[in-house]
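# Summary of structural features
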Amino acid sequence: MKRSWLGIDIGGTSTRLQLMEDGGEWSGFRKVATASWAQQPNALAALSALIAGTLEQQQVSGVMLGLPGILSRDRQQVISLPFIQALDHQPVAALLAERLGVPVAMDKDVNHLMLWDLLQLERLPQYAVGLYPGTGMGNSLWIDGRFYHGQHGGAGELGHIPLFGNALPCPCGNVGCAETVTSGHWLSRWAQQQAPTTPLSQLFSLHGAHPELQAFIQRLAQLISCEMNILDPEYLILGGGVLAMADFPLAALRSAIQQHLRPPATRDGLKIIFSHATDHTGCRGACLAAERLFRSES
């Protein structure tokens, strides 16, 4: 009898659900606005109802949530979701499991993106870093063949290192975080001020030569190279909504990163790969994570 898994990718803007049967058979993809449940008076109950709607179509052996924020090291407690604060300080997976009657687990959403990308390689490396600039700065660390969470669950928060001279407030509550000037939030604000008639998706197509957008690329490259010089991974996987924008200068970003890498070892040895992520990648990665986790526990 085939087993099935439900992967859920929860972002600040959209929530995506995907079913996977053994053998990688995909079905039941759904995409809804996160606000449709997160802004309800009882967000957890609304999320449970959303998931239950999928489970009515097909029973599953396990559910995996991908969440955009910090979780406890044991992945049992939500600590901070800046864009979905209604779930903060709750054992979300356990509460959903109790409501739904199926095993539920959770991890950072970016780890599911990274897992999908890692499994596209010819072999799983021992050391890799994923960076996915979108609304914020998704950062995934794969160390010694597994995801690294840190002592308190807060590893991989490159977007929240402080940048000198940056006074912009961050949704995390701090001021001056790197992601305020290296993510989609900055691009959106810049477009509203400097190119209000340009669709955000066309920003680099129509204004890519603007000095401030060129400076954005340099800031992003410098931030990324900092982590590369600290961790010295075999692979750097780059993806996310910002890099998927039309005519985003991927070659220029790669070149700028390489310029700041420590020669000779990191500069010569780092393999930089651009993710071919789609709208389905996060929830499909969550399905694969569910299969790996729940099979190991059974």
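Up top is the structure these notes are about.
Residues numbered from 1 in each chain as written. Predicted model: local features only at pLDDT ≥ 70, side-chain atom pairs only at ≥ 80, totals over all residues. Heavy atoms only, no water.

This part covers the packing of aromatic side chains. One pass over the structure, following the stated rule, counts six aromatic pairs. Between Phe 204 and Phe 248, the aromatic rings sit 4.9 Å apart at their centres with planes inclined by 70°, giving edge-to-face as the arrangement. Residue Phe 204 is located in helix α6 (residues 203–207), and its partner Phe 248 is located in the loop between β11 (235–238) and α8 (250–259); the two are separated by 44 residues in the primary sequence. The same class applies to Phe 204 and to Phe 248, which are both buried. In this structure an aromatic cluster arises from ring pairing among Trp 186, Trp 190 and Phe 216. Above the ring of Trp 186, the side-chain terminus of Arg 219 is found at 4.8 Å from the ring centroid. (Phe/Tyr/Trp six-rings, centres within 6.5 Å; stacked < 30°, edge-to-face > 60°. Helix = DSSP H or I, 4+ residues; strand = E, 2+ residues; numbered from the N terminus. Buried < 20%, exposed > 50% of the residue type's maximum accessible area, 1.4 Å probe, protein only. Lys NZ or Arg CZ within 6 Å of the ring centre and 35° of its normal.)

Below, the discussion takes up the sheet that holds strand β3 (residues 25–33). Spatial ordering of the open sheet is given by β3-β2-β1-β4-β7, a layout of five strands whose pairing is mixed. Only two strands of the sheet have a single neighbouring strand rather than two, namely β3 and β7 (104–108). The mean angle between the axes of side-by-side strands here comes to 15°, regardless of whether they run parallel or antiparallel. Sheet analysis places strand β1 (residues 4–10) next to strand β2 (residues 14–21), joined by seven bridges and oriented antiparallel. Bridged to Asp 9 within β2 is Arg 16. With respect to the sheet, helix α3 (residues 92–100) is in contact with β4 (62–67) and β7, its orientation differing from that of β7 by roughly 150°. With respect to the sheet, helix α4 (residues 109–118) is in contact with β1, β3, β4 and β7, its orientation differing from that of β7 by roughly 85°. (Pairing = 2+ DSSP bridges. Axes fitted to C-alpha atoms, helices over the stretch in contact; angles between N-to-C directions. Contact = heavy atoms within 4.5 Å.)

Nonpolar side chains in soluble globular proteins generally cluster together in the buried interior. In this structure, Leu 236 and Leu 238 are the most contacted members of the largest nonpolar core, which totals 36 residues. When residues of this core are traced back to their parent elements, those giving at least two are β8 (127–133), β9 (137–143), α5 (184–194), α6, α7 (211–231), β11, α8 and β12 (271–274). Sorting elements by how many residues they give to this core places α7 first, with eight residues. Non-local contacts of Leu 238, meaning those with residues more than four positions away in its chain, are made with Leu 131, Ile 224, Leu 243, Leu 253, Ile 257, Ile 272, Ile 273, Phe 274 and Ser 275. Counting 30 residues, the second largest nonpolar core, distinct from the first, contains Leu 6, Leu 67, Leu 71 and Leu 87. (Core = buried A, V, L, I, M, F, W, Y, C linked by side-chain atoms within 4.5 Å.)

The step from Pro 263 to Pro 264 runs through a cis peptide bond, and the omega angle for that step is -5°. Summarising the element assignment, Pro 264 is placed in the loop between α8 and α9 (265–269). A positive phi is found at His 89, a non-glycine position, where the angle reads about 60°. You will see that Asp 232, though not glycine, has its phi angle at about 50°, which is positive. Note that Asp 232 resides in the loop between α7 and β11. Asp 232 gets classed as partly exposed once you look at its relative accessible area, which sits at 42%.

Turning our attention to the environment of Asp 247. Structurally, Asp 247 can be placed in the loop between β11 and α8. Residue Asp 247 is classed as exposed on the basis of its relative accessible area, which comes to 58%. For Asp 247, the residues in contact, after removing those within four places along its chain, are Phe 204 and Ser 205. Within polar-contact distance, the side chain of Asp 247 engages the side chain of Ser 205 at 2.5 Å. (Polar contact = N/O pair within 3.5 Å; in protein donor to acceptor, adjacent residues only side chain to side chain.)

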